[in-house]
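# A closer look at the structure
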Amino acid sequence: MTTRSMTNSTPTPTSKVQSTPINQVLSQTDVPSLISKYKVQIILGIVALLAILIGVGSYLHYQGEKTKEYASIVFQFEENSLKNFKDGKMNPEDFIKSLSELQKKVTFFTGAVPVLITSADLLASKSMKAEAISLLSALRLNISRDAFFQRYFLLARLGALYEDQGEMQAAVSVLEELQGLPYKIYEARVYLDLGRLYLKVNNAEKAKSSFQYVIDNGNDPDLAQVARLYLANIK
């Protein structure tokens, strides 16, 4: 009896790596050669990025230092010139000179706005309304457009000063800008004041519209009553 030896031969499985787009790229690209070819551009890109980061950091540091410097200048002015002028220990000419120097040093520093507005109020209280108007007019040009609340208080004072000085058209212009601010503060009062000023510059139609707005949209019954009285007297 012949015995047959049977050998079950099972093929050894071969590991296969699934190809992916990145693998395909790497298999077709000589990476060291690619880096060598573009190394100048890569280095320049890294240098440019570092320069930007360093520049931004330096600018922020510079801004921080300038803010401290400006705040110190404003504080010194408030503690010396403003206080002395208020107490009668500094004459008007010297105060105006000190004020002018302050404006030159901190032209666009928003932290100076409250002190400058206070200075204008002080000038007006000492019968120096023309000087107060000059100060606020300069500040009106330099104050940030985004500083809505500061701009509101500035314009409200400037409009009142122009009216006191008899410059009605200038007062109208200021209150119209105030009316256009995105944040509404004492809106009914602004419209009532504009109505009065429109009457003074002989613009009855705009005056009527302003008074009617106070009546229709205001939430102050006293202002609404005043607006009705004005409307009743418009021919």
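Above this text sits the structure in question.
This write-up is about the structure you can find in this document. Remember, it's a predicted structure, so these values are computed and weren't measured experimentally.

About the cut-offs
- Residues numbered from 1 in each chain as written.
- Predicted model: local features only at pLDDT ≥ 70, side-chain atom pairs only at ≥ 80, totals over all residues.
- Heavy atoms only, no water.
- Helix = DSSP H or I, 4+ residues; strand = E, 2+ residues; numbered from the N terminus.
- Buried < 20%, exposed > 50% of the residue type's maximum accessible area, 1.4 Å probe, protein only.
- Areas by Shrake-Rupley, 256 points an atom, 1.4 Å probe, with all protein chains shown as cover.
- Salt bridge = Lys/Arg side-chain N within 4 Å of Asp/Glu carboxyl O.
- Phe/Tyr/Trp six-rings, centres within 6.5 Å; stacked < 30°, edge-to-face > 60°.
- Lys NZ or Arg CZ within 6 Å of the ring centre and 35° of its normal.
- Expected span 1.5 Å × (residues − 1).
- Arc of directions from axis to C-beta.
- Contact = heavy atoms within 4.5 Å.

To continue, consider the overall build of the protein. Looking only at helices and strands, the protein features eleven helices and zero strands. Each helix and strand of the protein, ordered N terminal to C terminal, gives the series α-α-α-α-α-α-α-α-α-α-α. Taking all 235 residues of the protein together, the buried fraction comes to 29%. Put simply, the protein shows about 16000 Å² of open surface, and 55% of that area lies on carbon and sulfur atoms.

Taken as a whole and judged by the stated rule, the model has eleven salt bridges. For Glu177, the salt bridge identified is with Arg151, shortest N-O distance 2.8 Å. A residue pair is termed long-range when its members are at least 10 positions apart, and Glu177 in helix H8 (residues 168-179) and Arg151 in helix H7 (residues 148-164) qualify at 26 residues. Take Glu177: its relative accessible area is 18%, and that puts it in the buried class.

Glancing now at unusual backbone geometry. Positioned with a positive phi, Tyr186 is a non-glycine residue whose angle comes to about 50 degrees. With relative accessibility at 61%, the residue Tyr186 sits in the exposed group. A positive phi angle, close to 60 degrees, is found at Asn202, a residue other than glycine. Tracing the backbone through its elements, the reader meets Asn202 in the loop between helix H9 (187-200) and helix H10 (204-217).

Turning our eyes to something else, we now look at the packing of aromatic side chains. One pass over the structure, following the stated rule, counts six aromatic pairs. Each ring, one from Phe85 and one from Phe95, has its centre 4.2 Å from the other, and the planes form 10 degrees; the classification is stacked. Here Phe85, found in helix H3 (residues 39-86), pairs with Phe95, found in helix H4 (residues 92-105); they are ten residues apart in sequence, far enough to count as distant. Comparing Phe85 with Phe95 shows no difference in burial state: the two are buried. Clustering of aromatic rings is evident, with ring pairs tying together Phe77, Phe85 and Phe95. The ring centre of Phe85 lies 5.1 Å from the NZ or CZ of Lys126, which sits over that ring.

With 14 residues, H10 ought to run about 20 Å at 1.5 Å a step, and its terminal C-alpha atoms sit 20 Å apart, in line with that. Turning to H10, its buried residues number three or more, namely Ala207, Ser210, Phe211, Val214 and Ile215. Projected down its long axis, H10 shows its buried positions confined to an angular sector of 140 degrees, all on one face. Opposite the packed face of H10, turned more than 90 degrees from it, sit the exposed residues Glu205 and Asp216.

Once that is clear, we can look at the side chain of Ser210. Mapped onto the secondary structure, Ser210 falls in helix H10. Discounting residues that sit within four places of it in the chain, Ser210 has contacts with Tyr191, Leu194, Gly195 and Tyr198.

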